[in-house]
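# Structural overview
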Amino acid sequence: MSAGPVCPILCAGADDDRALALSDYEGATARWCPGCGDHSVLTAVERLLVAEQLAPERTVFVSGIGCSSRFPHYLKTYGFHGIHGRALPVATGIKLQRPELTVFVVMGDGDCTSIGAGHWMHALRYNVKMVAMVLDNGIYGLTKNQTSPTTPQGHPSNTQPRGTYLPPLDPIELALGVTNASFVAQTAEWVPAHLFATLRAAYHHDGFAFVRVLQRCPKYTADIYQIAVQRPEVLELLVHDDGVVVPELERTYTRRLVHDPRDLARARELAMPGERIRLGVFFRDASRDRYDLIRRATPRTTTERLALLDAELDAHAV
Ligand code: SF4
């Protein structure tokens, strides 16, 4: 068995003699459409769970609503299939009360960047340790083809059949603009080695790791990533020892750019819309303040908390 992570508080590697295999994590049979990119993300996540030997009973997947939010059903860890846009506050609550658990969040683009946008921004700022993925297929798929904030301009949908009116919101650009964000990365489900390496880097980050996964939806947005899938030169890999380096991709993906993930100004430049799709760690700073650690450093007993609450309520009594 490979050695589990050493820190019992921050990570949840199995610390017994079990050699956890894929079958220890596989849940129900996935019911996504054939060819859906969500299958690829599930495979990468299962690989990560095995590689890190994460104890299923100390690992939690939280989701909102959307095709990708069926994720917890397909894993044998703990799971919470929540309500639309609310995965992040649920996950934050879990991590604050049970810091020994490893928490993953799986959201769709509408889930995260529309109804859940307020929670998203503050989760980035609170920087509570977890891995938060947005599986971005540029559409509301579960509810059958409505424009989402990341739908490309001009792309027809049921809600804007003459073509989506506005330019899309870029989740990476936005995340890099949030105060105290500490890990922002982008990967693509059709590049499985990069997807796995990015999720692994996110898992090892000490803070809130936000990962946008470009995800194909053959049912409603089959065209939006087609060029990038067919022509590897459209993708540019950001490489750095502190980011993601995947040597086996060197022959296929020849367009590479060395980017130090500590350079926030450069990360913001690289995130600007352009002809290329960039994959890699845009920004990483593990020294940023973490709400969970600060809160834990000033523990209070239940009696003390109730007294503080009483005092606060008394202050508003007439
Ligand atoms: Fe996947 Fe699209 Fe089908 Fe949803 S509608 S399961 S995102 S292919």
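Throughout what follows, the structure given in this document is the object of discussion. (Residues numbered from 1 in each chain as written. Predicted model: local features only at pLDDT ≥ 70, side-chain atom pairs only at ≥ 80, totals over all residues. Heavy atoms only, no water.)

### Some thoughts on the environment of glutamate 173
As for its position among the elements, glutamate 173 is in helix α5 (residues 171-176). Along the chain, glutamate 173 and arginine 268 lie 95 residues apart, while their C-alpha atoms are 6.5 Å from each other. Leaving out residues up to four positions away in the same chain, glutamate 173 has contacts with Ala271, Met272 and Pro273. (Helix = DSSP H or I, 4+ residues; strand = E, 2+ residues; numbered from the N terminus. Contact = heavy atoms within 4.5 Å.)

### Quick word on the sheet that holds strand β7 (residues 235-239)
Overall, mixed pairing links the 9 strands, which are arranged β2-β1-β3-β4-β6-β5-β9-β7-β8 in an open sheet. In this open sheet, the two strands that pair with only one neighbour each are β2 (78-81) and β8 (256-258). The mean angle between the axes of side-by-side strands here comes to 20 degrees, regardless of whether they run parallel or antiparallel. Note that strand β3 (residues 102-108) and strand β4 (residues 130-136) share 5 bridges and pair parallel. When the sheet's bridge partners are listed, valine 105 is paired in β4 with alanine 132. Where helix α6 (residues 192-204) meets the sheet, it contacts β3, β4, β5 (183-188), β6 (208-214), β7 and β9 (277-284), and its direction lies at approximately 160 degrees from that of β5. (Pairing = 2+ DSSP bridges. Axes fitted to C-alpha atoms, helices over the stretch in contact; angles between N-to-C directions.)

### Thoughts on the layout of surface pockets
Looking at the largest pocket, its volume works out to about 660 Å³. In terms of lining, the largest pocket is formed by 30 residues, of which the most central are Asp170, Arg212, Gly274, Arg276 and Ile277. Class assignment of the residues belonging to the lining of the largest pocket gives a composition of 17 nonpolar, 6 polar and 7 charged. Taken as a whole, the second largest pocket spans an internal volume of roughly 300 Å³. In terms of lining residues, the second largest pocket is bounded by 16 residues, among which Arg31, Trp32, Cys33, Cys67 and Leu142 are the most central. A breakdown of the residues in the lining of the second largest pocket according to their chemical character gives 8 nonpolar, 3 polar and 5 charged. (1 Å grid on protein atoms, 1.4 Å probe; cavity = no way out; pocket = protein on both sides within 12 Å on 5 of 7 lines; lining within 4 Å. Points joined across faces, edges and corners; volume = space filled by probe spheres on them. Nonpolar A, V, L, I, M, F, W, Y, C, P; charged D, E, K, R; others polar.)

### Some words on the state of the cysteines
Cysteine pairs can be linked by a disulfide, which is a covalent bond between their two sulfur atoms. All chains considered together, the criterion is met by 0 disulfides. With no disulfide of its own, cysteine 112 lies 16 Å from the sulfur of cysteine 67, the closest cysteine sulfur. (Disulfide = S-S within 2.5 Å.)

### Notes on the pattern of salt bridges
According to the stated counting rule, one finds 13 salt bridges in the structure shown. A salt bridge links glutamate 269 to arginine 266, with the nearest nitrogen and oxygen atoms 2.8 Å apart. Of this pair, glutamate 269 and arginine 266 are both found in helix α8 (residues 264-271), 3 residues apart, which corresponds to roughly one turn of the helix. Accessibility expressed as a relative area gives 33% for arginine 266, which makes it partly exposed. The shortest N-O distance in the salt bridge between arginine 288 and aspartate 285 comes to 3.5 Å. Within the structure, one salt-bridge network assembled from shared partners comprises Asp136, Asp170 and Arg212. (Salt bridge = Lys/Arg side-chain N within 4 Å of Asp/Glu carboxyl O. Buried < 20%, exposed > 50% of the residue type's maximum accessible area, 1.4 Å probe, protein only.)

The analysis is restricted to geometry; functional conclusions fall outside its scope.
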